[in-house]
Amino acid sequence: MKKELENYSILNKEDFNKFFNTLLGKYNIFGPSKSDKGDKLNKINSADDLMLDYKNFKMSAKEFFFPQCETLLAFDPSTGIVKNRSEDVDAKNDIIFGIRPCDALALSFFDRVFKDGAPQDPYYTEKRHRSTIISLACLEPEPTCFCNAVGCDVDSETGADIILTQLNSRYLIKSVTEKGIEILKHLKTLIPATEDDIKEKDELMAKAKSGLKSNVEVKALKKKLDDFDASFWQTVHQKCLGCGVCTYFCPTCHCFDMTDEVCNNTGRRIRTWDSCMFPLFTLHASGHNPRPSYKERMRQRILHKFNYAQENYNEIFCVGCGRCIINCPVNLDIRKVIQEILEAK
Amino acid sequence: MKNPYLPMLTKIEDIVIENEARDIKTFKLSFIKKEDKENFTFLPGQFAELSILGVGESPIGIASSPTEKDYLLFTVKRAGVVTTRLHRSEIGETIGIRGPLGNTYPLPDMDGKNVLIIGGGFAFTTLRSTVKYILEKKNREKYKNLTVIYGARTPGELIYKNELWEWEKLKELKTYITVDKANGDWQRHVGVVPAILKQVAPTADNTIALVCGPPIMIKYTLLALNELGFKPEQFFLSLEMRMKCGIGKCGRCNIGHKYVCKDGPVFSFAELQKLPPEY
Ligand SMILES: Cc1cc2nc3c(=O)[nH]c(=O)nc-3n(C[C@H](O)[C@H](O)[C@H](O)COP(=O)(O)OP(=O)(O)OC[C@H]3O[C@@H](n4cnc5c(N)ncnc54)[C@H](O)[C@@H]3O)c2cc1C
Ligand code: SF4
Ligand code: SF4
Ligand code: FES
């Protein structure tokens, strides 16, 4: 076999259910399901419930690894004795099946923050170690997608262990990591791929890419953003209501709050998603707030993604999924914000 | 895997009311488990998250020195929910603690140099830790002159008073205690910290200055240091931002691309000049 074909294999459509059910025997599988119309990552109990013609999840896949509300520890409020949160660990590991390449890339950013940056976050890392990511290349991007402008793409592999592409009558499967190779080993339904299969994939991907209409050019952005007091900050936030929806839907936003609650004589310390778009986010007990208005908060959101993440990780913490565009109640479009900043004198 | 979110449990051994307004208290804590005590190694400048289970956590600077082996000291001003509950605690109660967190004052870089400590109000906590640390016999010889300038609004608002009066008697350091407004039989300096700093006029030559205090004091102290010839690389500030995780994950405490909880809280003024003034 040719070297470049080594990591590819083919799954015929009629073998798909058999392939999927074999995996179901060994793993818990989460993916887009017909029962909720592919809105979010759901537990899949049979191949029939899998929905592979979905566009993208409404909620990003981050929820699975970083739940909106998660118990960090439990305690007895009267004795103060701390228990690690009790959780029944399933004997089966997880497969995350069919997330889009942008969500997979976003997970790799979460890895940088929670798994690779010391100290490790044990809750995230544990779930991450248990899971294998099988992503699904995009054939038909949505009008709000602009992944190609921010270093992601319809067939981006980063963050995935395996990437699957739907060819006309078959699936092309590529293992990207050792973990991916391990999972596909010994699966009898898989047959070697040929150069024609790769050619077909390349054509499909080229067609998909031509559907991405955004032409924002983020390379020049960093330098513009180094000017903290630039005048464009006076205007780009003006429509914003500060509702924080953009950050909740965003697959790369990882900010959280920690609070205690006591209920029926058991206490929990929980973490919940939080947002830099909220005024309380940075409010000191003294009343001082380093980011008192919408202007500073919008600036923080944009700078964290497009400037600070580059300083810290050499990455742009935006994968161009367009969720913030779709869900913003006042149609504040991050592509336009970027464009305005680029065009500002 | 060690869980950085799990607090270690300590017991309150003692509580000292530090000021006349009675809204600043020092808590003396000792670890309940021996292994926690052994694992908790820190240097001056670091902080910890104190927690009252069921109420929440607050980041508080460690006021004791690593040379005070059997306990930890935290000096807390009553501000909001957690600190108010902490103020109502009694001796014997359990307090959770996560840490040590953050970086330290640049102690290795201070080797062979003069050390100038400038503090204002109740923000003297980690500076007290530093003074205590340097005064320890085996550490003292590493550093040249040690100068402490510390002030508060009134004599009643000075914290660690007994200790300050002890320091004044020692020849290992020079102590200048000042108040904005004197009352009664006050015999020491009168005037704001930056003014006293200019009077004392310590040499900038081979000196590192550590500064901690309220924003207005910081502002004028920086100007004074500049006048005295200190370069931005020579003075260090300890910053405060609202915090939650304390370990660079929750995204709350950044100034530019730096997280105060992880990359700070101590920054040289030279470093700060490169960051946006958003604090
Ligand atoms: C590195 C560092 C060291 C500190 N050292 C001391 C000290 O030695 N003594 C002292 O009295 N105070 C110190 N503070 C300030 C202290 O943390 C706040 O006053 C305290 O968190 C207020 O909590 P609260 O629950 O009483 O107030 P609330 O307003 O009810 O706060 C709710 C939550 O917000 C967060 N928060 C609010 N204000 C602050 C703030 N200024 N800084 C950080 N988090 C905040 C905390 O997580 C707190 O639990 C320090 C802050 C930092 C960042
Ligand atoms: S979703 Fe829109 S209105 Fe809401 S905070 Fe984000 S940009 Fe502002
Ligand atoms: S900023 Fe918007 S487009 Fe970019 S990753 Fe977040 S939700 Fe998607
Ligand atoms: S307190 Fe969470 S990042 Fe600093």
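Every chain is numbered independently, its residues counted from 1 as its sequence is written. Labels are handed out in written order, letters beginning with A for the chains and numbers beginning with 1 for the ligands. Totals for whole chains, interfaces and linings use all residues, but because this is a predicted model, local features are given only for residues with pLDDT of at least 70 and pairs of side-chain atoms are given and counted only at 80 or more. Side-chain measures were taken over the full set of non-hydrogen atoms in the model, leaving aside hydrogen atoms and water.

### Some thoughts on the overall build of chain B
Basically, it comes down to this: The helix and strand labels rest on DSSP assignments: H or I over at least four residues marks a helix, E over at least two residues marks a strand, and numbering proceeds from the N terminus. Computation of the radius of gyration draws on C-alpha atoms, with the globule rule given as 2.2 Å multiplied by the number of residues to the power 0.38. The classification of residues rests on relative accessible area computed with a 1.4 Å probe and restricted to protein chains. Under 20% of the type maximum is buried, over 50% is exposed, and intermediate values are partly exposed. When checking whether two residues touch, look at their non-hydrogen atoms; a contact exists if any pair is within 4.5 Å. All accessible-area figures derive from a Shrake-Rupley calculation using a 1.4 Å probe, and residue coverage is judged against the displayed protein chains alone. Counted as positive: Lys and Arg. Counted as negative: Asp and Glu, with His and the chain ends omitted from the count. To locate a charge, take NZ of a lysine, CZ of an arginine, CG of an aspartate or CD of a glutamate.
Within chain B, the secondary structure is distributed over 8 helices and 15 strands. Relative to the 2.2 N^0.38 estimate, which gives 19 Å for 279 residues, the radius of gyration of chain B is 18 Å and therefore close to what a compact globule would have. Counting over 279 residues, chain B shows a buried share of 58%. Put simply, of all contacts in chain B between residues at least 6 apart along the chain, 67% involve residues at least 24 apart. For chain B, the computed accessible surface area is about 12000 Å², with 50% contributed by carbon and sulfur atoms. The average position of the 39 basic charges and that of the 32 acidic charges among the side chains of chain B differ by 2 Å.

### Section: the UniProt feature "binding site: [2Fe-2S] cluster" (unreviewed entry) in chain B
Using the following cut-off: UniProt positions are given in the numbering used here, feature names are shortened, and annotations may be inferred rather than shown by experiment.
Following the UniProt record, one finds the feature "binding site: [2Fe-2S] cluster" (unreviewed entry) at Cys245(B), Cys250(B), Cys253(B) and Cys261(B). Maximum C-alpha separation among the annotated residues is 10.2 Å over a sequence range of 17 residues, consistent with a single clustered spot. For Cys250(B), the position within the fold is in the loop between strand E12 (235–238) and strand E13 (254–255). Given the relative accessible area of 2%, Cys250(B) is considered buried. In this view, Cys250(B) contacts Cys255(A), Phe256(A), Phe281(A), Lys244(B) and Cys245(B); residues no more than four positions away in its chain are not counted. Positionally, Cys261(B) belongs in the loop between strand E14 (258–259) and strand E15 (266–268).

### Some details on the site of ligand 3
Selection criterion: We call a residue near a molecule or strand whenever a single non-hydrogen atom of that residue lies within 4 Å of it. Only Asp, Glu, Lys and Arg are considered charged, only Ala, Val, Leu, Ile, Met, Phe, Trp, Tyr, Cys and Pro nonpolar, and every remaining residue, Gly among them, polar.
Every residue near ligand 3 is listed here: Phe146(A), Cys250(A), Pro251(A), Lys305(A), Cys318(A), Val319(A), Gly320(A), Cys321(A), Gly322(A), Arg323(A), Cys324(A) and Ile334(A). Partitioned by chemical class, the residues of the shell around ligand 3 number 8 nonpolar, 2 polar and 2 charged.

### Thoughts on unusual backbone geometry
Residue Pro100(B) is reached from Gly99(B) by a cis peptide bond, and omega for that bond is -5 degrees. With an omega dihedral of 10 degrees, the bond running from Gly264(B) to Pro265(B) counts as a cis peptide bond. Assignment of secondary structure puts Pro265(B) in the loop between E14 and E15. Although it is not a glycine, Asn265(A) sits at a positive phi angle of roughly 65 degrees. If you trace the backbone, Asn265(A) turns up in the loop between strand E11 (256–263) and strand E12 (266–273). A positive phi is found at Ala201(B), a non-glycine position, where the angle reads about 45 degrees. Topologically, Ala201(B) is positioned in the loop between helix H6 (193–200) and strand E11 (207–212).

### Re the domain arrangement of chain A
Residue and element names in this part refer to chain A. Under the convention used in this document: Here the bounds of each domain stem from an automatic or database domain assignment. Summed over both partners, the accessible area (1.4 Å probe) lost when two parts come together is defined as the buried area. The term salt bridge refers to a pairing of a side-chain nitrogen on Lys or Arg with a carboxyl oxygen on Asp or Glu at a separation within 4 Å. Think of a polar contact as two N or O atoms within 3.5 Å of one another; within protein, one of them needs to be a possible hydrogen donor and the other a possible acceptor, and neighboring residues in sequence only count if both atoms come from side chains.
Taken domain by domain, chain A holds domain 1 (4–68 + 81–210) and domain 2 (218–343). When each unit is reduced to the centre of its C-alpha atoms, the spacing between domain 1 and domain 2 is 27 Å. If you look at the interface, domain 1 gives 30 residues, while domain 2 gives 31 residues. Between domain 1 and domain 2, a total of about 2700 Å² is buried, with carbon and sulfur atoms accounting for 62% of that surface. The partner of Asp121 in a salt bridge is Arg271, with the nearest N and O atoms 2.9 Å apart. Where domain 1 packs against domain 2, one counts 16 residue pairs in polar contact (both at pLDDT 80 or more). At the level of elements, helix H2 (62–65), helix H3 (101–116) and helix H4 (122–129) are the ones that each hand at least two residues to the side of domain 1 that touches domain 2. If one sorts the elements of the side of domain 1 that touches domain 2 by residue count, H3 sits on top with 9 residues. Looking at side-chain class alone, the side of domain 1 that touches domain 2 contains 20 nonpolar, 4 polar and 6 charged residues.

### A short note on the pairing of strand E7 (residues 131–136) of chain A
The buried fraction of E7(A) is high, at 6 of 6 residues. Residues of E7(A) alternate between two faces, with Ser131(A), Ile133(A) and Ser135(A) on one and Thr132(A), Ile134(A) and Leu136(A) on the opposite face, all of them buried.

### Focus: the sheet that holds strand E2 (residues 24–31) of chain B
Residue and element names in this part refer to chain B. Test applied: The pairing criterion is simple: DSSP has to find at least two bridges between the two strands. Working convention: axes come from line fits to C-alpha atoms, limited for helices to the stretch in contact. Angles between N-to-C directions cover 0 to 180 degrees.
Within the open sheet, the 6 strands sit side by side as E4-E3-E6-E1-E2-E5. Their pairing is antiparallel. Strand pairing shows two members of the sheet lacking a second neighbour, strand E4 (56–61) and strand E5 (72–77), which therefore form its edges. Each strand axis lies, on average, 40 degrees off the axis of its neighbour in the sheet, ignoring direction. As paired strands, strand E1 (residues 8–17) and strand E6 (residues 94–101) are joined by 4 bridges and run antiparallel to one another. When the sheet's bridge partners are listed, Lys11 is paired in E6 with Thr94.

### Some thoughts on the interface of chain A and chain B
Listed as interface residues are 43 residues of chain A and, on the opposing side, 37 residues of chain B. Buried area between chain A and chain B, summed over both chains or domains, comes out near 3400 Å², and the portion from carbon and sulfur atoms is 58%. Counting across the interface, chain A meets chain B through 6 salt bridges. One salt bridge connects Asp274(A) with Arg252(B), and the closest N-O pair in it is separated by 2.8 Å. The interface formed by chain A and chain B holds 25 residue pairs in polar contact (both at pLDDT 80 or more) in total. For the side of chain A that touches chain B, the elements supplying multiple residues, two or more each, are strand E4 (69–75), strand E5 (82–84), H3, H4, E11, E12 and helix H9 (294–313) of chain A.

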